[in-house]
Amino acid sequence: MDKLRGFEIAKGWEDKGINLPVRKTKNAAAYDIEAAEDIVIPVYKPGVKPTLIPTGLKAYCQDDEWYMLANRSSGPKKGFIMANSIGIIDADYYENESNDGHFMFQYFNFGENELSIKKGDVIGQVIFMKYLTVDNDCATGERKGGFGSTDK
């Protein structure tokens with residue numbers, strides 16, 4: 001069977017009890033993603049960097065696809081906001097040389113108290129999507145790293 005798109009456990013996370021994502025209903029567009037470990041997100045103040053929450057997961061998709069990391073609708077009610085609004089993960093991020101394609105969510109906490117995330121808490125969602133290119137597209141570059149490496 002050819003692999004079209006899906007999730008796998010990232011290297012280094014194989015024995016950590018990571019659950020592969022599932023859609024909760026037959027018409028759901030997104031796959032719920034769990035935190036791979038306990039994390040505390042401090043209350044936001046100027047100069048505080050976003051907190052990276054590991055998932056222990058990597059995902060694969062076709063060359064003309066990407067996947068979106070998105071906040072859950074309940075997140076902002078708790079002050080739990082993705083630092084980059086959405087995450088765009090390209091197909092060539094899978095199994096990259098620096099982190100095996102392990103994707104993480106980055107969050108700020110705009111609540112009044114520290115926010116404790118427990119391993120197994122659903123922290124976000126992934127949606128797989130196709131993309132289009134323009135007529136004169138001539139991209140030939142190849143990914144050389146992981147998180148934030150596209151422009152390096």
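Everything that follows concerns the structure shown earlier in this document.
In this report, the structure presented in the accompanying data block is examined. (Residues numbered from 1 in each chain as written. Predicted model: local features only at pLDDT ≥ 70, side-chain atom pairs only at ≥ 80, totals over all residues. Heavy atoms only, no water.)

### Looking at the overall build of the protein chain
In terms of regular secondary structure, the protein chain is built from zero helices and 10 strands. The principal-axis extents of the C-alpha atoms in the protein chain amount to approximately 50 × 35 × 30 Å. Looking at the 152 residues of the protein chain, the share that counts as buried comes to 40%. With an accessible surface of roughly 9500 Å², the protein chain has 51% of that area assigned to carbon and sulfur atoms. Each charge class in the protein chain can be summarised by its mean position, and for the 19 positive and 23 negative side chains these summaries are 6 Å apart. (Helix = DSSP H or I, 4+ residues; strand = E, 2+ residues; numbered from the N terminus. Buried < 20%, exposed > 50% of the residue type's maximum accessible area, 1.4 Å probe, protein only. Areas by Shrake-Rupley, 256 points an atom, 1.4 Å probe, with all protein chains shown as cover. Lys, Arg positive; Asp, Glu negative; His and termini not counted. Charge placed at Lys NZ, Arg CZ, Asp CG, Glu CD.)

### Concerning the packing of aromatic side chains
Per the counting criterion, the structure on display carries 13 aromatic pairs. With centroids separated by 5.5 Å and ring planes inclined at 65°, the aromatic side chains of F7 and F128 adopt a geometry described as edge-to-face. Here the residue F7 occupies a position in strand β1 (residues 6-9), and F128 occupies one in strand β10 (residues 122-130), the gap between them amounting to 121 residues. Exposure remark for F128: the relative accessible area of 17% places this residue in the buried category. Centroid distance Y44 to F110: 4.9 Å. Interplanar angle 45°. Geometry classified as tilted. Taken together, the residues span a long stretch of sequence, with Y44 in the loop between β3 (39-41) and β4 (51-60) and F110 in the loop between β8 (103-109) and β9 (115-117) at a distance of 66 residues. Taken together, F7, Y31, Y67, F80, F103, F105, Y107 and F128 form an aromatic cluster joined through their ring pairs. Just above the ring of Y60 sits the side chain of K3; from NZ or CZ to the centre is 4.4 Å. (Phe/Tyr/Trp six-rings, centres within 6.5 Å; stacked < 30°, edge-to-face > 60°. Lys NZ or Arg CZ within 6 Å of the ring centre and 35° of its normal.)

### What to know about the environment of R23
Following the sequence through the fold, R23 ends up in the loop between β1 and β2 (31-34). With relative accessibility at 35%, the residue R23 sits in the partly exposed group. Distance in space between the C-alpha atoms of R23 and V126 is 9.7 Å, their sequence separation being 103 residues. With residues near it in sequence (within four places) discarded, R23 still touches A28, A30 and Y31. Within polar-contact distance, the side chain of R23 engages the backbone oxygen of K26 at 3.0 Å. (Contact = heavy atoms within 4.5 Å. Polar contact = N/O pair within 3.5 Å; in protein donor to acceptor, adjacent residues only side chain to side chain.)

### Points about the side chain of N71
By the secondary structure assignment, N71 is in the loop between β5 (65-70) and β6 (80-82). Overall, the relative accessible area of 18% leaves N71 in the buried class. At 3.0 Å, the side chain of N71 and the backbone oxygen of F80 are in polar contact. Those residues in contact with N71 that sit more than four places away from it in its chain are P76, F80, I81, M82, Y107 and Q125.

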